[in-house]
Each structure stands twice: as structure tokens, then as C-alpha cells.
Amino acid sequence: MKKALLIVFLSFSWALQAQEVDTLAQIGQNIDFLYQLLLEQTEDRLAETLELNDAEGEDSHEELIEDYLFYLENPVNVNSEEIRHLEEIGLLSAFQVKALTDYRRQFGDLMIADELLMLDDFSEATVAVISPLVVFGKSEWVKERERITLGKALTRGRHQVTLNYAQKFGGEIQEDVLGGPQKMQLKYTYHYLQKFRFGVVTEKDAGEPRFFDFVGAHAYASDLRITDALAVKDLALGDYQLSFGQGLTLWSCMGFGKGGSSMMKRGAGIRPKASASEGKFFRGAATTLRYRDCYVTAFYSNRLVDATISLADSLDEPELASALQETGYHRTLNELAKRHTVRQQVFGGHLSYAGPHLEVGYTIYHLRLSVPLELKPTKYNQYFFQGDRLTDMGVDFRWLIGKAAFFGELARSDNGAWAGLIGMTMKPQGYINFSVLYRNYDKRYQSLFHSAFGEGSRNQGEEGWYLGLQCAPVSGWDLLAYCDFFRMTWLGSQVYNPSWGQEYSLKVSHQISKNATMLLRFKSKTKMKNSSDDHVFSHYPIFYTKRSLNFQISYGITEDLSFSDKVAYSHYLNDDGVNSQGYLLCHDVAYKPAGKPYSITFRYALYGCNDYNSRISVYENDVLGAFSIPNLYGHGSRVYLLGKIKLYGSLSLYSRVGVNVLSEETKTDLKAELVWKPH
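Residues numbered from 1 in each chain as written. Predicted model: local features only at pLDDT ≥ 70, side-chain atom pairs only at ≥ 80, totals over all residues. Heavy atoms only, no water.

### Regarding the pattern of salt bridges
Evaluated as defined, the whole model comprises 33 salt bridges. For the salt bridge of Arg638 with Glu620, the shortest nitrogen-to-oxygen distance reads 2.9 Å. One end of the pair, Arg638, is in strand S28 (residues 634-648); the other, Glu620, is in the loop between strand S26 (616-617) and strand S27 (631-632), with 18 residues separating them in the sequence. The class of Arg638 is buried, set by a relative accessible area of 6%. Glu620 gets classed as buried once you look at its relative accessible area, which sits at 1%. One salt-bridge network, held together by shared partners, links Glu455, Glu503, Lys523, Lys525 and Lys527. (Salt bridge = Lys/Arg side-chain N within 4 Å of Asp/Glu carboxyl O. Helix = DSSP H or I, 4+ residues; strand = E, 2+ residues; numbered from the N terminus. Buried < 20%, exposed > 50% of the residue type's maximum accessible area, 1.4 Å probe, protein only.)

And the structure:
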């Protein structure tokens, strides 16, 4: 009865939401909020990858953004298994998916977004975020979209062509770079709802001599029913990604780092790779068959990867690869010599059972390299993978029982080493969520495709405990806190001893009013590294601590104009006596008039950081499909202006210019993007 009254009372609202045109308009209004969510979940990991000089760190986020944009244009059906896609990209938790499933089982299909508020695990903020990503009810057009035919897939889909140009001015110029400073990308995509996707992408990084330095293509189909019980869940040809379990055995996508109340992952299985990132991915064919609640995945990949080849001294000695390269850069003669020098073949599969409450999976894959890998010996890499063959296998599980969820994965590499993690997340009340996770990765464990929870980037030689808490003590307030205690059981590139450390974080957010929000975030991390003091033994380990404090307030002035102000502070201190600090002040202005073909975003920032140790990473709005978090250090100012205008019909132009003014130099970055998207 309660449900019926709610549906009658809000029937007019539902009628508006059911219209596809209005849904697409709402998409444009919420995309900035989703980008901010992406920032909160990934900025820590991005800062760490950039600190490790991982050139692919920023580009790897492009794949996540592709998923967000795809579901914005292809909303999932709340009343089907499609809703799990939102858990895969971090928008819903396992408890929320379970609550939704239980509600549908008891009361039937949902009809409107406001009906989600009747569920204990759904807040107003959650409903506001996912509303443009979902459809409700069983209207005829929803039923029709769930029936796929070859004719529909090839004729009723949507096309999009994107041309992206970027260039930086100022700073040092490498003399041995072969190409121009322009970075260019051309991408074509076609999709029919969520059922069929096809795309081609080509890219040239700055400094590379040819435009088609990277070329990728993908074709993907899902939910091809053979019988009522048997279906092809996924079928991928060309470039694709794989993710299973908790990321310890086989996970080629980017995984979220610390910062959430629950560290439990949901592997997406097979996903098409639509981005131009050149890191870990597969090229070949993969498919998943579903029979009732059982799934069988098989895949094969065969592609050329970059590597440093050591030439043999004589004809009797074989060639060896001294390092595998994942940057994707081919700007100099030295980098070009490493391009596509080793053939990498990977094949394997995944078996799983996914019931209403229990999921169990088994993963195995075998890797072969055409040239054996023999690393240049260092103090810390003697347990890294070497040779031309590697086999990994693992078992994973997720068990939801009442208000608790248990999860874990145990993996083994063919050298006999083990790695495992196990965790639990509890939700005793709708306003509180508590998580605990323990991981123990043997120093000899080897895997080239992993993204499990951890402090290190290799899921190797690490042990630790993580505790997380999320609660909403008062309406409109949300608190998220975690602590992580870790121990590295082997040497690292910056510390030549086993080491340990800890990390603490607290984030408080408050919905001041309908048009105003506040965010306060504190983080402290203590780790060990080699001393740089010349008066002590260089391998003597010391502690260093970096703390950061961020405060941000966003508020709407009018329906079209909004402001955002941010204050950030960082402090770095180590046992060598280094003590550096940094600050940032910035003001954002966003003018997005409703119904107009243009919008403008502007930022002015002042910052001062003593050195790179006290640098500040801050999110910047970017062109469509891009994600930017520059590291700011030194003393200067940063200004950028981002604009979007609809030129003609289905053609839109995005452009951004940023200027970084330092005392010794001025750097300018320019981006322009043309998007053709016929309706």
C-alpha cells in the first residue's frame, strides 16, 4: 500500500523521467558530479603512480572515464542484473545491490527513482548520482531494448567521432626527441545500447614522430541468449580488459586504492578496451558463457609489447630482454628501439558460481614471452618475474549474509609462492559501515596482471591490516575514516631493508543546502626510505611523514552560475632533517546556462611548495573524456579556462588553455577536442 501511494503521488515525476530526452538532459547536469567522485576514488593512486614515474598512470584513468560516459548514455535497467555494472565502476556497494534485489523480490519492480529512498542503504546523494544512469519500470521501450537482433545492432546504434589535440609550451625541450610536441588522438565508437560496441582509436604522444604510433580496435557483444538457461554473457574481439576476484590473480583494469569504507571488489569479467592507454591489456578474443548461475570464461591474447633487448655476444647465445616497458612512449631512437620487440601470449580462463548470496571463482592463466626476461640485478628485484613462462592461479569468494559481507582471494604463482587477502565489511545500521581487511603477499609471488589492495604497486612482499569506517551521524553529514598498518617484507627501490609504516585518513562532507556542499579531508602517511645524509651509511633506513589537509566549499549563486573555493596544505618531514611545506588557494567559477549551447569553467590558483616532497595534487576540469590532476610545486600561480560550445548540429567543440606561472618560467598547456555525435 505504501508503495502504491508513493507511485501515485509521484506519477507526474515518473512520467518526466521516463522520457529519454529529459534523461539525456539530466546526464549533462550530473557529469561533473561523477567526475568529482572519480577524483575522490583515484587521486591517491594517481599521485602514487606519478611519484613512481609511471607514465601510464594518468592515461589509465581514461578507461574508467570511458565506462562512466558509456553508462551515462546507456542507462542500466534497475530491474535486471545490469544494476551490477554500477557496482563494478564503484557507484554502488554490494549492500546496496543486495538491498535492491531483496526489495524487488518482495515488492516487485521499481518504477521511479524516489522509490529507491525507501531502501535503508540508499541516501538522497546516492539516488541523485545514479538517477541519470538507470531506467525504471518495464515500459515497452525498456523491454524492446532488451531484445537484440543483428539488424538492430548494426542499424539502430549511435556513432561518435572524437578528435583530440594537446600541446605544452615552455619548459625544457629534449634534443633527441624525433617528433613534434603535439599529442593527438582520433577515436570512433559505435554502440547499440549495452548490447553491442565497436570502436577504433589511434594516438600519437607528444614527441613521437608518427600519428599512428598506437592503433587499437575492439568489438564487444553481451547477453546473447541461446536458450532461457544458456547465454553468451560476453564476447570480445580485438582489445579487451579482464578483471576477476579481488584483483590478486588476474586484473588488467585500473583498481581503486584506499579511501572507501569497503575494499571489497567486484570483477567485471570481460570488458572492451576503448581507450588509447598502452599499459596492461589483452588483444585477441575472449568469451563468457552463462548457464543459470554458473559462468565459464576463456580468453587468448597475442600482442607485441615494448622491451629492452640485450644483444647476444655470439650467435650461440639467445637474445634476452632486460626489462619490459609499459610507458607507451616512442619519442627517441632509444625508445623506438624498444617498440614491439617481444611477443606476449596469454591464455586461460575463469570458472565461477554466482548465487544470490555466495560467489566463488577459480582463475588460471599462462603467459609466454618470445624473448626470455632476464633483469639487470639490483638489491631489490631478485624475486621479480624472470624467464619466458609464468602460470598463475587463484580462488576467490564473496559471501553476503545478513548485514555482513566476507570476501577474499588466495593466489599462487608457479614458483610455489602464495599471496592472499581476506576481509569483512559490516553494516549493522543503515548509517554505519565498518570494514577490516588483512593481506599477506609472499615476497616471491609473481604476477604481471594484478591490482589487489595494497601499499606497494606489485602485490609482492607485503603484509598489513586495514580498518575503515563510514557513518552518517546526522542528516546531511557523512564521515569516512580509515587507518592502514603495513609491513614490507623485502627491499624496495627506495629502501634497502624490510620496512613498515602506517596511514590515516579522515574525510567529512556536509550538504549545507540544496546548492551548497562542504568537504574537509585530512591524510597522514608515514613510511621508510634510505637516508640521503652523506654522513651516515646510505642504506640506513629513515622515517618520513607527509600530511595533507584540504577544505573545499561549493555553492550555487544562480541556477546557471556556481562557485567553488579550495584551501590545501601539505607538510613533509623526515629523519634527515628535511622539513618542507606547501599551500594552495584556488577559486573556481562555472557558468553553465540551461538550454544554451555553451558553458565556461574558470580557475585561478595560488600555490607555494618548498620542493617536490610537499607538492600538492589538485583536480582540474578537462575536455570530455579526459582527467587531469597536475602536481604543483614551487611558488607560482595556475590559471585555466575551459569552454564548450555546440558548433552545428551534432558537432561540439571543447577547448582548454592553462597557464602555470613560476618565478623562473611560464608553462602553457593547450587542449582542443571536436566531438561529432549524431542523434
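### Some remarks on the pairing of strand S24 (residues 579-591)
Sheet faces and side chains relate simply in a regular strand, where the side chains alternate between the two faces. The alternating pattern of S24 places Ser580, Gly582, Leu584, Cys586, Asp588 and Ala590 on a buried face, while none of Asn579, Gln581, Tyr583, Leu585, His587, Val589 and Tyr591, on the opposite face, is buried. One ladder, built from 13 bridges, connects strand S23 (residues 561-574) with S24; its direction is antiparallel. By the bridge assignment for S24, His571 is matched with Gln581. The antiparallel pairing of S23 with S24 creates a hairpin that spans 4 residues between the two strands, and Gly577 there sits at a positive phi of about 100 degrees. Inspection of the sheet shows S24 paired to strand S25 (residues 598-609) by 10 bridges, in the antiparallel sense. Note that in S25 the partner of Gly582 across the bridge is Cys609. Connecting the antiparallel pair S24 and S25 is a turn made up of 6 residues, with Gly595 showing a positive phi of about 80 degrees. (Pairing = 2+ DSSP bridges.)

### Remarks on the nonpolar core
Counting residues in each nonpolar core, the largest one holds 38 residues, and the members touching the most others are Ile83, Leu86 and Leu116. Every element with two or more residues in this core is listed here: helix H4 (61-73), helix H6 (94-107), helix H7 (124-130) and S28. Among the elements that take part in this core, H4 stands out by supplying 6 residues, more than any other. Residues Phe299, Val342, Leu367 and Val371 belong to the second largest nonpolar core, which totals 26 residues. (Core = buried A, V, L, I, M, F, W, Y, C linked by side-chain atoms within 4.5 Å.)

### Here we look at the side chain of Asp622
Secondary-structure assignment places Asp622 in the loop between S26 and S27. Residue class for Asp622 comes out buried when judged on its relative accessible area of 8%. Within polar-contact distance, the side chain of Asp622 engages the side chain of Lys671 at 2.8 Å. With residues up to four places along the chain from it excluded, the contact list for Asp622 reads Phe627, Ser628, Leu642, Arg656 and Lys671. (Polar contact = N/O pair within 3.5 Å; in protein donor to acceptor, adjacent residues only side chain to side chain. Contact = heavy atoms within 4.5 Å.)

### Considering the pairing of strand S5 (residues 196-204)
In terms of burial, S5 is a largely internal element, 7 of the 9 residues being buried. Where strand S4 (residues 182-192) and S5 come together, 9 bridges link them in antiparallel fashion. Looking at the pairing, Gln185 lines up with Glu203 of S5. In this structure, the hairpin formed by S4 and S5 is closed by a connection of 3 residues, where Leu193 is found at a positive phi of approximately 50 degrees. Here S5 pairs with strand S6 (residues 214-225) via 8 bridges, running antiparallel. What sits directly across from Thr202, in S6, is Val215.

### With respect to the packing of aromatic side chains
Inspection of the entire model under this criterion finds 21 aromatic pairs. When the centroid spacing of 5.1 Å and the interplanar angle of 75 degrees are considered together, the rings of Tyr383 and Trp490 count as edge-to-face. Separated by 107 residues along the polypeptide, Tyr383 in the loop between strand S13 (358-373) and strand S14 (387-401) and Trp490 in the loop between strand S19 (477-488) and strand S20 (499-513) bring together distant segments of the chain. Its relative accessible area of 22% is what places Tyr383 among the partly exposed residues. Owing to a relative accessible area of 22%, Trp490 belongs among the partly exposed residues under this scheme. Centre to centre, the rings of Tyr612 and Tyr633 are 5.1 Å apart; their planes meet at 90 degrees, and the pair counts as edge-to-face. Note that Tyr612 is positioned in the loop between S25 and S26 and Tyr633 in the loop between S27 and S28, a separation of 21 residues in sequence. Given the relative accessible area of 34%, Tyr612 is considered partly exposed. Among the residues examined, Tyr633 registers a relative accessible area of 41% and is labelled partly exposed. Across the ring face of Tyr544, the terminal group of Lys529 is positioned such that the distance to the ring centre comes to 5.6 Å. (Phe/Tyr/Trp six-rings, centres within 6.5 Å; stacked < 30°, edge-to-face > 60°. Lys NZ or Arg CZ within 6 Å of the ring centre and 35° of its normal.)

### Remarks on the confidence of the model for the protein
The predicted model of the protein has a mean per-residue pLDDT of 85, with 87% of residues at 70 or higher. Segment residues 1-31 is flagged for pLDDT under 50; beyond a separation of four residues in sequence, or across chains, it makes 36 contacts in the model. Scored below 50 in pLDDT, residues 47-58 shows 23 contacts in the model against residues more than four places distant or in partner chains. (pLDDT = per-residue confidence, 0-100.)

### What to know about unusual backbone geometry
Within the chain, Arg292 stands out as a residue other than glycine whose phi angle is a positive 55 degrees. Here Arg292 shows up in the loop between strand S9 (282-291) and strand S10 (294-310). The backbone phi angle of Asn459 is positive, close to 50 degrees, even though this residue is not glycine. Within the secondary structure, Asn459 is located in the loop between strand S17 (432-441) and strand S18 (462-471). Given a relative accessible area of 2%, Asn459 falls into the buried group.

### Some thoughts on the environment of Val161
Here Val161 shows up in strand S3 (residues 158-169). For Val161, a relative accessible area of 28% gives the class partly exposed. Between the C-alpha atom of Val161 and that of Val201, which follows or precedes it by 40 residues, the distance is 9.8 Å.

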